[in-house]
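Examining the three-dimensional arrangement
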Amino acid sequence: MLENDSLFELGKVSVLIPCYQHGHLLAQAVESVLRQSYQNHEIIIINDGSTDNTHQVVQEYTQKYPQRIKYLYQEQQGQVAARKNGSALIRGEFLITLDADDLLAPSMMAKCVESLSKNPEAAAVASNVWMVAEDGQTILGHLDQSEVPSWPNILEHNTWGGIAGIMIRSQSLQKVGWFNFDGTAGGEDWDIWIRFARSRQKLLHIPDFLAQYRQNCSSHSRQGLRVLKGILQVLDCLTREDPRLIQLENVHPPIDISYYNQIRNRAVFFYYGVALAAAESKETLQDILQYFVPSDLDLATLATAYIKGIIFVSRVQGNTNIFSPDFQDDATGNMLSYLKDKISEDQAKLLRIKIEENFITRSQISTKNFNLFKSKIKTILIKIKQKLSHLATLNKT
């Protein structure tokens, strides 16, 4: 960890790339950095005990770019530890954290450096991010990161979910405690944005799409129970003074236990949906619901969180029957049986209704969007046909 601001090299961008078993994709991530129009950067690759060809891939790059690429090997400890250990090598004024399966657009650094240089009081700037399939080509959706984290809104939803599209000022991250997170996976990015918002740091947004976030079946973000545990560790820091922010002034006070329980239960339902869509075991599903706490319940919000968790995963993998009425009826019944000692019978009935209503609404929206898409395609095809017909007429004359 850097202790002296003088160690930061003005204008330089440090790119942290933790890698575990992604040797087959690592070269693409590295090349997306090397192809930046802004060339004042360094790459720090942390091999988290991979047993594939990660080491060989990194060796080739360190031999070719010895002044630009740093390499750190560690026995497998997880992504959080990889980022922590890699941060000791950071020398750039600015920082990007890039997962080994994600990609940067060629202008990402140039645009983000320009933004932060024009706003020296800002701690970070985020761009929008494309969500792509494992092939790196098929677009599955996008992350609009225009809503910069603010307090307490960031506790409701991680509005900066695509960290590859974000550049952080190293000194600002140092002030709020660096990658000082005790979890193994899940919530470590959110934890940073929470600390920034809680300590009232200025955050910026660029409306361009400057990174690609690859969705794949092995992503730790789809391991419901594991990620939930990390999320709960983040939430636990909110009910007390955060020691990582103790030296800063004007920090927002801790949240009360009632609000904490609301956020906690919403996270439980979201990651239950994630685990269900990822076809995890019944034991895992039961373990997730063990973290549910009886409190004042907003059943509609819980139902929405559950559906969002399912959708988050279903774009890429999971149970193909996840949206069928029969499957959902059984899934909801199992969920309520797991919760029988934590919610009343009336609450269980109402929760089932809210889930069914949510599914119907989502289905109607999907159908409407699909019909709109077909209408647009039909209009485009008509215009193309008209254009071709006009060109054919011109050729005849």
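In short, a report on the structure. (Residues numbered from 1 in each chain as written. Predicted model: local features only at pLDDT ≥ 70, side-chain atom pairs only at ≥ 80, totals over all residues. Heavy atoms only, no water.)

1. Regarding the overall build of the protein
- A count of helical and extended segments in the protein gives 13 helices and 9 strands.
- Buried positions account for 50% of the 397 residues belonging to the protein.
- Accessible surface for the protein amounts to roughly 19100 Å². Of this, 52% is attributable to carbon and sulfur atoms. (Helix = DSSP H or I, 4+ residues; strand = E, 2+ residues; numbered from the N terminus. Buried < 20%, exposed > 50% of the residue type's maximum accessible area, 1.4 Å probe, protein only. Areas by Shrake-Rupley, 256 points an atom, 1.4 Å probe, with all protein chains shown as cover.)

2. Digging into the nonpolar core
- With 77 residues, the main nonpolar core has Phe-196, Tyr-306 and Leu-351 as its most contacted residues.
- Element by element, the count of residues in this core is highest for helix α9 (residues 257-277), at 12 residues.
- Residue contacts for Phe-196: discarding those within four places in its chain leaves Ala-123, Ala-124, Ile-168, Ser-172, Leu-173, Val-176, Gln-201 and Leu-203.
- If you look at the next biggest cluster of nonpolar residues, it comprises 38 residues, including Leu-26, Met-108, Leu-116 and Ile-206. (Core = buried A, V, L, I, M, F, W, Y, C linked by side-chain atoms within 4.5 Å. Contact = heavy atoms within 4.5 Å.)

3. Brief notes about the pairing of strand β6 (residues 122-132)
- Most of β6 is tucked away: 10 of the 11 residues are buried.
- With 9 bridges joining them, β6 and strand β9 (residues 202-214) adopt parallel strand pairing. Within β9, the residue paired with Ala-124 across the bridge is Leu-203.
- When β6 meets strand β8 (residues 166-169), the two strands line up antiparallel, connected through 3 bridges. Across the sheet, the residue bridging to Ala-126 is Ile-166, located in β8.
- Inspection of the sheet shows β6 paired to strand β7 (residues 139-143) by 4 bridges, in the antiparallel sense. Bridging from a neighbouring strand, Val-129 pairs with Leu-143 of β7.
- Where β6 hands over to β7, the hairpin turn is made up of 6 residues, of which Gly-136 adopts a positive phi near 75°. (Pairing = 2+ DSSP bridges.)

4. As for the packing of aromatic side chains
- Overall, the coordinates contain 9 aromatic pairs when judged by the stated rule.
- An aromatic cluster is defined as three or more aromatic residues linked by ring pairs; in this entry it consists of Trp-160, Trp-193 and Phe-196. (Phe/Tyr/Trp six-rings, centres within 6.5 Å; stacked < 30°, edge-to-face > 60°.)

5. Some remarks on helix α12 (residues 325-338)
- For α12, spanning 14 residues, the distance from its first C-alpha to its last is 20 Å, which sits close to the expected 20 Å at 1.5 Å a residue.
- Regarding α12, the residues found buried are Gln-328, Ala-331, Thr-332, Met-335, Leu-336 and Tyr-338. Angularly, the buried residues of α12 cover 155° about the axis, an arc narrow enough to put them on a single face. Among the exposed residues of α12, those oriented more than 90 degrees off its buried face are Asp-326 and Asp-330. (Expected span 1.5 Å × (residues − 1). Arc of directions from axis to C-beta.)

6. Section: the packing of helix α1 (residues 23-34) against helix α2 (residues 54-64)
- Two elements in contact, α1 and α2, have axes separated by 8 Å at closest approach and are oriented at 25°. Taken together, the axes of α1 and α2 are roughly parallel relative to one another. For α1 against α2, the interelement crossing comes out right-handed. In this structure, α1 uses Gly-23, Leu-26, Ala-27, Val-30, Glu-31 and Leu-34 to contact α2, whose residues at the interface are Thr-54, Val-57, Val-58 and Tyr-61.
- The residue makeup of the contact of α1 with α2, split by class, is 7 nonpolar, 2 polar and 1 charged. (Axes fitted to C-alpha atoms, helices over the stretch in contact; angles between N-to-C directions. Parallel < 35°, antiparallel > 145°, perpendicular 65-115°, else oblique. Left-handed = near helix turned anticlockwise from the far one by under 90°. Nonpolar A, V, L, I, M, F, W, Y, C, P; charged D, E, K, R; others polar.)

7. Describing the pairing of β9
- Where strand β5 (residues 103-104) lies against β9, 2 bridges are found, and the strand directions are antiparallel. Residue pairing in the sheet places Leu-104 in a bridge with Ala-211 of β9.

8. A word on α1
- With 12 residues, α1 should cover 16 Å at 1.5 Å per step; its first-to-last C-alpha distance of 17 Å lies within 8% of that length.
- Among the residues making up α1, those that are buried are Gly-23, Leu-25, Leu-26, Ala-29, Val-30, Ser-32, Val-33 and Leu-34.

9. Concerning unusual backbone geometry
- Put simply, Trp-151 and Pro-152 share a cis peptide bond, and its omega is 0°.
- The residue Pro-152 is located in the loop between β7 and α5 (153-156) in this model.
- Positive phi, close to 55°, is recorded for Trp-178, a residue that is not glycine.
- Assignment of secondary structure puts Trp-178 in the loop between α6 (170-175) and α7 (188-198).

10. Observations regarding the environment of Leu-95
- Looking at the element boundaries, Leu-95 is found in strand β4 (residues 92-97).
- Sequence separation between Leu-95 and Val-15 is 80 residues; the distance between their C-alpha atoms is 5.9 Å.
- Filtering out sequence-adjacent residues up to four positions away, Leu-95 remains in contact with Ser-14, Leu-16, Ile-90, Ile-166, Met-167, Ile-168, Ser-170, Leu-173, Trp-178 and Phe-179.

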